[in-house]
Amino acid sequence: MLKRLPVLFAVAVLVAGAALALALRGRAPAEPRIVRMSMREYAFNQTNPTFRFKPGERIHFIVTNDESTNVLHNFRIVGMNVDCGPVMKPGETREVTVTMPKSGEFAYTCCTHPGMGGTMVVAKK
Amino acid sequence: MVVWFANGGSRLLALTPAPIEKLAFERIEFRPQEIVLHVRNEGPETFHVAQILINDAIWDFSIAPDRSLGRFGAATISLPYDWIEGEPYAVTVLSGNGLRHETTVDIAMPAPSPSGRLLTAFALLGVYVGVVPVFLGLLWLPALRAAPRAWVEFWLALTMGLLVFLGIDTLKEALEIAGRAPSFVNGVLLTALGAAAAFLGITAAGRALSRGEGSATGMSLALLIAIGIGLHNLGEGLAIGAAYTLGEVALGSFLIIGFTVHNTTEGLAILSPLVEGRASLRQLALLGLIGGGPTILGTWAGAFTYSTPLSLLFLGIGAGAIFQVVRILARAQAKGGSALDALGHGRAAAGFIAGFLLMYATSLLVAG
Amino acid sequence: MRRARGGARLGVALFALLLAAACGCGRGERAGAGSADMDSLAAAARAHAIRALTDFDTGKVTRLPDGRTLREYEVWAEERMVAVAPGIRFPAWTYNGAIPGPTLRCTESDSIRIHFRNRGTMAHSMHFHGVHPAGMDGVFEQVPPGGEFLYAFTAEPFGVHLYHCHTMPVKMHIARGLYGVFIVDPKTPRPPAREMVMMMNGFDTDLDGSKNEIYTVNGFANVYFRDYPIPVKMNQLQRVYLVNITEFDLVNSMHTHATFFHVYPTGTSTTPSAYTDVVTLGQAERAILEFKYSFPGRYLFHAHQSEFAELGWLGQFEVKP
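All of the points below concern the structure found in this document. Every value quoted in this text rests on a predicted model; they were computed, and no experiment measured them. Sequence order as written defines the numbering, with residues in each chain counted from 1. For naming, the first written chain is A and the first written ligand is 1, with later ones following in the order written. Given that this is a predicted model, residues contribute local features only at a pLDDT of at least 70 and side-chain atom pairs are listed and counted only at 80 or more, while totals for whole chains, interfaces and linings are drawn from all residues.

### Digging into the pairing of strand β18 (residues 286-291) of chain C
Residues and elements named next belong to chain C.
Part 1: Here β18 lies mainly inside the structure; five of its six residues are buried.
Part 2: Two strands make a pair as long as DSSP finds a minimum of two bridges between them. Numbering goes from the N terminus for both helices and strands, where a helix is a DSSP run of H or I of at least four residues and a strand is a run of E of at least two. Both strand β13 (residues 238-244) and β18 contribute to a ladder of six bridges, which runs antiparallel. Across the sheet, residue leucine 242 finds its bridge partner in β18, namely alanine 287.
Part 3: Across four bridges, strand β15 (residues 261-265) lies against β18 in antiparallel orientation. Considered in β18, the bridge of histidine 262 is made with glutamate 290. To sort residues by exposure, count the other C-beta atoms lying within 10 Å of each residue's C-beta; 20 or more gives buried, 12 or fewer gives exposed, and values between give partly exposed, all with C-beta atoms placed from the backbone.

### Side note on the packing of helix α2 (residues 116-138) of chain B against helix α9 (residues 294-304) of chain B
Residue and element names in this part refer to chain B.
Part 1: Each axis is a line fitted through C-alpha atoms, and for a helix only the stretch in contact is used; angles between axes span 0 to 180 degrees, taken between their N-to-C directions. One way to put it is that α2 packs onto α9 with a least axis distance of 8 Å and a crossing angle of 135 degrees. In this view, α2 runs oblique relative to α9, as classed from their interaxial angle. As α2 runs across α9, the sense of the crossing is right-handed. Of the residues in α9, those in contact with Leu119, Phe122, Ala123, Leu125, Gly126, Val127, Val129, Gly130 and Val131 of α2 are Thr295, Ile296, Thr299, Trp300 and Ala303.
Part 2: Split by residue class, the contact of α2 with α9 holds ten nonpolar, four polar and no charged. Orientation labels follow simple angle bins: below 35 degrees gives roughly parallel, above 145 gives roughly antiparallel, 65 to 115 gives roughly perpendicular, and whatever is left gives oblique. The crossing is said to be left-handed when, going from far helix to near helix, the turn is anticlockwise and less than a right angle, and right-handed when the turn is clockwise. This entry defines residue contacts through backbone-placed C-beta atoms, with two residues in contact when those atoms are within 7 Å. Throughout this entry, Asp, Glu, Lys and Arg are counted as charged residues, while Ala, Val, Leu, Ile, Met, Phe, Trp, Tyr, Cys and Pro are counted as nonpolar. The remaining residues, Gly among them, count as polar.

### With respect to the sheet that holds strand β4 (residues 104-107) of chain C
Residues and elements named next belong to chain C.
Part 1: Strand order in this open sheet of four strands is β4-β9-β8-β6, and the pairing throughout is mixed. Two strands bound the open sheet, and with one partner strand each, they are β4 and β6 (127-128).
Part 2: Direction of pairing for β4 relative to strand β9 (residues 179-185): parallel, over a ladder of four bridges. From the neighbouring strand, cysteine 106 faces β9, where its bridge partner is valine 184.

### Observations concerning the pairing of strand β7 (residues 104-109) of chain A
All names here are of chain A.
Part 1: Of all six residues in β7, six are buried; the element is thus mostly enclosed.
Part 2: As judged from the two bridges shared by strand β5 (residues 76-77) and β7, these two strands associate in the antiparallel manner. In the strand pairing of β7, isoleucine 77 is matched with tyrosine 108.
Part 3: Where β7 meets strand β8 (residues 117-122), six bridges bridge the pair, whose relative direction is antiparallel. Its bridge partner lying in β8, phenylalanine 106 is registered against methionine 120.

### Details of the nonpolar core
Part 1: Residues C:Val82, C:Ala83, C:Val84, C:Val181, C:Tyr241 and C:Val243 are the most contacted members of the largest nonpolar core, which totals 115 residues.
Part 2: If you tally residues by element for this core, the top one is helix α2 (residues 35-54) of chain C, at seven residues.
Part 3: Only buried residues count toward a nonpolar core: Ala, Val, Leu, Ile, Met, Phe, Trp, Tyr and Cys, linked into one set through C-beta atoms within 7 Å. Ranked by size, the runner-up nonpolar core spans 67 residues in total, among them B:Val129, B:Val131, B:Ala321 and B:Val325.

Written out as structure tokens, the structure is:
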């Protein structure tokens, strides 16, 4: 038994390595989906829509201040670690990538304007 | 009968049209510009979180994993709010049925997140409040040894009085928390469970330590007492850590002095069986650590992962441990007789009452 | 021995069955549970609030031999679960199935007939704020469940009024939602304006009979703030028929941002009594407000009791050129 130990050890390492490789391959991060949000007339995408995402989905938010007058905005998603960023002047953009959690309803808002914001729903279906 | 039930005859059981709801606020954290609530549905029906009010104002919020909480289901609610440190807040959950579930925080304190600095701070607190006083108490050993034999009895009785007071105090604290907690009966049962477990556990430990010689004496007894006190201090540490997190208490230096004196007397309790016999410094140090060390663990647990059921369980364990230790001490005193025999005569009774009074006096310092 | 065991097994089985049946049936939840149902209730409440802003029920119109106009209205009382805020349902007592009830409109000295049917499970009535004979007052003539009553009187005086249930305990019959606006136009019509009806109310959602948890205008919290900012044409005369039917709070109020309005208390005069931006009303008090917006943009309007505003009585006008 002792004599065979090095061989056994080598086999164990190989098997473990193969398993790990397989597992990691399945987990390769997919390209994040791009979602654009336009802040105009004190609203996101005109209607402050309710977004629906799947759990674990990676989303790349591109948030732009499209106001025609000198109105400053910023952007946060409550409960997803996307905090109020620096204020954006008209024309400025903020990009942030988020991995959606397992489930829940998350409020997105402009931190400076009450009522400007909506909900992101994360659910399996 | 089954047919009657199936056809809605059980409507009689639902005596009121008002829905039965019970929402427990397990934890409230004040993070930078955010308030996070951890809630759990303790009612019999599904709970729908409809609106959240902070100081009676409807507020935006995020909720995970779901707005609907099944039986015993939990949720984490995040509210973007610029809270002010030290000020009180009332948070209300309005359910789908329009019922209010409110909790208040008297003093908003930033949520402690395990950082090296904070861990060290709490550890030091535990050392200061738990370990050091117990060691101070242990320093009395030479004095005790020099004292006349008759006083040993007195000291042992004092110790028992001390411990009984401690046990009753622990139970009182547990019942207070259980009363505040949403499901009263479960709280009391949890405490009782902890007490019973500790009681029986210490008995078993005692048997193991004395290796079947009957009752434990000397070092084994001191060890048992140290374990009992250690368990009690675990609960105490939990209380300190939790109070800090729930924003309920401003731990002033006044309070810490109180705790310190209170715990010095615990060192005395550990000492009593060692007055006759030998004890090396190393053994004494070990006893001190066993008695005082758990305060550190308790403070960490209370500050970072507070939960009412856990705290009630540990308080119960603490109380049960103490009572069992007292019983062991008493039987050791009575040398085979019953526990009450030990306290029957003058000096012992005086000692017991003195112990009680001493703890009462020091508890006044802790008062809160 | 065998029989004992068999008997015991039967006993256990029956007990389990009983328990299962009891658990399955004895639920005290309010009817209509489930979030899908909640969504449709909320959608209905939103739609009703938006309609109630500009819907006027002028009744079935016919000409009387003496030349006067006869208007006939159909109103019924029914109990119904409604949504009063996103996610919150309320067991309401309503006129015509929603809160507030229909806005009944007529002209001074019209002959009015309201055919009232009680489709509820307890007595109800309709009490009008106006001038009418005793038998039409809706107090001593209570309408039993399943019953009917014909309220008939001449519409006077002109102004903005209201109607509500007057069954004891009145506090509860009002708080549960039995109310609506009653407008009597003066014979000489008021100057043309874009007209809106706003009925301020509160909802005691936990039914403890002492305070409101939610405040709204036209029945759904924050509906004109989040769901439907009210479109307004710049420089156009706006006329709001404002009625306060809030129970449990002594007063309510309305404040408009960035503009002032003329106040016509109870609408019984064509001369305004004040030019201001806040009007405070006790329960059942009402007024006509007339104003214009001179600049485009979004403007809030809300109770100036900020606690009401923060519990749902908040809206905005979206002014466009």
